[in-house]
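Breakdown of the fold
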Amino acid sequence: MKVKKESIGYVVSFTFAVCLVFVLLLAVANQVTLPQVEANKRFARQVAVLKAFGLAKADAARAEVESVYASSVKELKAPGGIGAAYKAEIDGQAYLAVQVTGAGLWGPITAILAADPEVQRIKGMDILDQQETPGLGGRIGEAWFVDQFAGEKVSPEGTVAVRQGSGKGDQDKENSQVDAVTGASRTSDFVQNLVDSALKAIKELGGSL
Amino acid sequence: MSPEKKVMQEGLWTNNPIFVQVLGICSTLAVTNNLRNTLIMVAGVTFATAMGSLTLSTIKDFMPRKVRMIVQVLVHSFFVIIVDILLRAFLPAASKQLGPYVGLIITNCILMGRAEAFAAGNKPWLSFLDGIANGLGYGWVLVSLAFIREFLGFGSIFGFKVMGDGFTPWTIMVMAPSAFFLVALALWAANTYKAKLGGKK
């Protein structure tokens, strides 16, 4: 008997079969590459942590990053609400870093921020993951933006403001203020909240050690 | 002219997806401010179009017309997700930079356009070639635009600085509006040239 191509039974079973085959293939491809993807994620996180601590060298090879990370960064037990916590000793001074995730415009923003345990000054910051508008809010991942945080003095209230500025980056390390991204006021606000929550977390962490 | 040659010529020039079909313009605007990302995007689109057309043309005799579009979208999504998975595994930096754009290849009209216009009525091998030809036709236009935009916008080619320190980058070239101007100018130039050729015949 010839199967009718437009009969309901055929249409349903054809669609089902096609979906099954392609989804199965995708699942296999995903599983096969999973270890590689995980390794990439781990590497990206290590680079971000080293950047926050100011230990990253530009264009360092993977093996070098891993060895620097292993020798100088200690992973601490993260308190509740914090993604991860790290400790590193640089020139005899201990620094703490936390990985925090907060709301962004389109999706969560994850950043790693390092400071001294008393939270006098930020050591450095790096954005690990963000889905902000490319070309506008997405520029928070660029070097000129994140580098502003390195060495920035934290205000007595324990905050750093992200404000409208010249657009070239705020070079004054004493004013507890960095330049926001032009055309991305909301994203800049979100980054400020995220940085403040990270500073608070480091302060609590520093007090509990 | 052999059908293979004809298919290649149509994709690359006479029926170029950007100049004539005016498809895939969204990604033309979005990813052409840097050559490396453009090349990855072009490779992704070419792969997805060619493989999608090949698959759809192979199963077209079993495909009920009612679910034709659903199956087309499914097949294209499959190949696009494969591209995304490969990028995440082997080119994590590029994957991060291209971000949502890789997934958006699914909505690139070239894929559906070629599936409907060509793969639905032609043999698998020719459909595959048609996908390659259209991918490359889309590609050479994108790469030319990216070359101009990266050169003027960053003063670099493939990330290598080629202009001296005295060079002031044209910031507008990095931003989306410049792609509008350039695509429009390129469309104008290509179609004027084509009209001239036609007039001579």
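For the structure, check the block above.
Residues numbered from 1 in each chain as written. Chains lettered and ligands numbered in written order. Predicted model: local features only at pLDDT ≥ 70, side-chain atom pairs only at ≥ 80, totals over all residues. Heavy atoms only, no water.

**A look at the overall build of chain B**
Each helix and strand in chain B was counted, giving 10 helices and two strands. The C-alpha atoms of chain B give 18 Å as radius of gyration, which agrees with the globular expectation for 201 residues (17 Å, within 12%). Here the C-alpha coordinates of chain B stretch approximately 65 × 50 × 25 Å along the principal axes. The 201 residues of chain B split such that 45% are buried. Within chain B, counting contacts between residues at least 6 apart in sequence, those at least 24 apart form 73% of the total. Here chain B displays about 9,800 Å² of accessible surface, and carbon together with sulfur accounts for 73% of that area. Distance from the positive charge centre (17 side chains) to the negative charge centre (8 side chains) of chain B: 5 Å. (Helix = DSSP H or I, 4+ residues; strand = E, 2+ residues; numbered from the N terminus. Rg over C-alpha atoms; globule rule 2.2 N^0.38 Å. Buried < 20%, exposed > 50% of the residue type's maximum accessible area, 1.4 Å probe, protein only. Contact = heavy atoms within 4.5 Å. Areas by Shrake-Rupley, 256 points an atom, 1.4 Å probe, with all protein chains shown as cover. Lys, Arg positive; Asp, Glu negative; His and termini not counted. Charge placed at Lys NZ, Arg CZ, Asp CG, Glu CD.)

**Digging into the overall build of chain A**
Within chain A one finds four helices and seven strands. Reading chain A from its N end, one meets helices and strands in the order α-α-β-β-β-β-β-α-β-β-α. Once the C-alpha set of chain A is aligned to its principal axes, its extents read approximately 85 × 40 × 35 Å. Across the 209 residues in chain A, those meeting the buried criterion constitute 43%. By sequence separation, contacts in chain A at least 24 residues apart represent 47% of the contacts at least 6 residues apart.

**Things to note about a nonpolar patch on the surface**
A cluster of nonpolar side chains, namely Trp170, Ile172, Phe180, Phe181, Leu185 and Trp188 of chain B, defines an oily patch on the protein surface of about 710 Å² accessible area. Of note, Ile172 of chain B is situated in helix α9 (residues 171-174). (Patch = residues over 30% accessible without salt bridge, like charges linked within 9 Å, V, L, I, M, F, W, Y side chains within 5 Å. Salt bridge = Lys/Arg side-chain N within 4 Å of Asp/Glu carboxyl O.)

**What to know about the interface of chain A and chain B**
Contacts between chain A and chain B engage 20 residues on the former and 23 residues on the latter. Note on chain A versus chain B: buried area summed over both sides is about 1,900 Å², and carbon and sulfur give 74% of it. Ranking the residues of chain A by area buried against chain B places Phe14, Phe22 and Leu26 of chain A at the top, with a combined share of 29%. Summed over the shared surface of chain A and chain B, the number is zero salt bridges. Here chain A and chain B share four residue pairs in polar contact (both at pLDDT 80 or more) between them. Every element with two or more residues in the side of chain A that touches chain B is listed here: α1 (8-52) and β5 (122-129) of chain A. Looking at which element gives the most residues to the side of chain A that touches chain B, the answer is α1 of chain A, with 15 residues. Here the residues of the side of chain A that touches chain B are counted per class, giving 13 nonpolar, five polar and two charged. (Buried area = accessible area lost by both parts, 1.4 Å probe. Polar contact = N/O pair within 3.5 Å; in protein donor to acceptor, adjacent residues only side chain to side chain. Nonpolar A, V, L, I, M, F, W, Y, C, P; charged D, E, K, R; others polar.)

**Topic: the side chain of Ser127 of chain B**
For Ser127 of chain B, the position within the fold is in helix α8 (residues 124-154). Here Ser127 of chain B falls in the buried class, since its relative accessible area comes to 0%.

**Quick notes on the environment of Leu25 of chain A**
All names here are of chain A. Mapped onto the elements, Leu25 comes out in helix α1. Using a relative accessible area of 43% as the deciding quantity, one classes Leu25 as partly exposed. As a C-alpha pair, Leu25 and Val160 span 135 residues in sequence and 48 Å in three-dimensional space.

**Quick word on the state of the cysteines**
Residue and element names in this part refer to chain B. Here the structure, examined in full by the defined rule, presents zero disulfides over all chains. Here Cys109 is not disulfide-linked; the sulfur of Cys26 is the nearest cysteine sulfur, at 5.1 Å. By relative accessible area, which is 34% here, Cys109 ends up partly exposed. (Disulfide = S-S within 2.5 Å.)

**Focus: the pattern of salt bridges**
All names here are of chain B. Counted under the stated rule, the structure contains six salt bridges over all chains. Residues Asp130 and Arg114 are paired through a salt bridge, measuring 2.9 Å at the closest nitrogen-oxygen approach. Of this pair, Asp130 sits in helix α8 while Arg114 sits in helix α7 (residues 109-117), and the two are 16 residues apart along the sequence. This pair shows no difference in class: Asp130 is buried, exactly as Arg114 is.

**What about the pairing of β5 of chain A?**
All names here are of chain A. Where burial is concerned, most of β5 is hidden: six out of the eight residues are buried. Pairing of strand β4 (residues 109-115) with β5, which is carried by six bridges, proceeds in the antiparallel orientation. Bridge assignment links Ala114 to a residue of β5, and that residue is Gly124. The antiparallel hairpin formed by β4 and β5 contains six residues in its connecting segment, where Val119 sits at a positive phi of about 55 degrees. (Pairing = 2+ DSSP bridges.)

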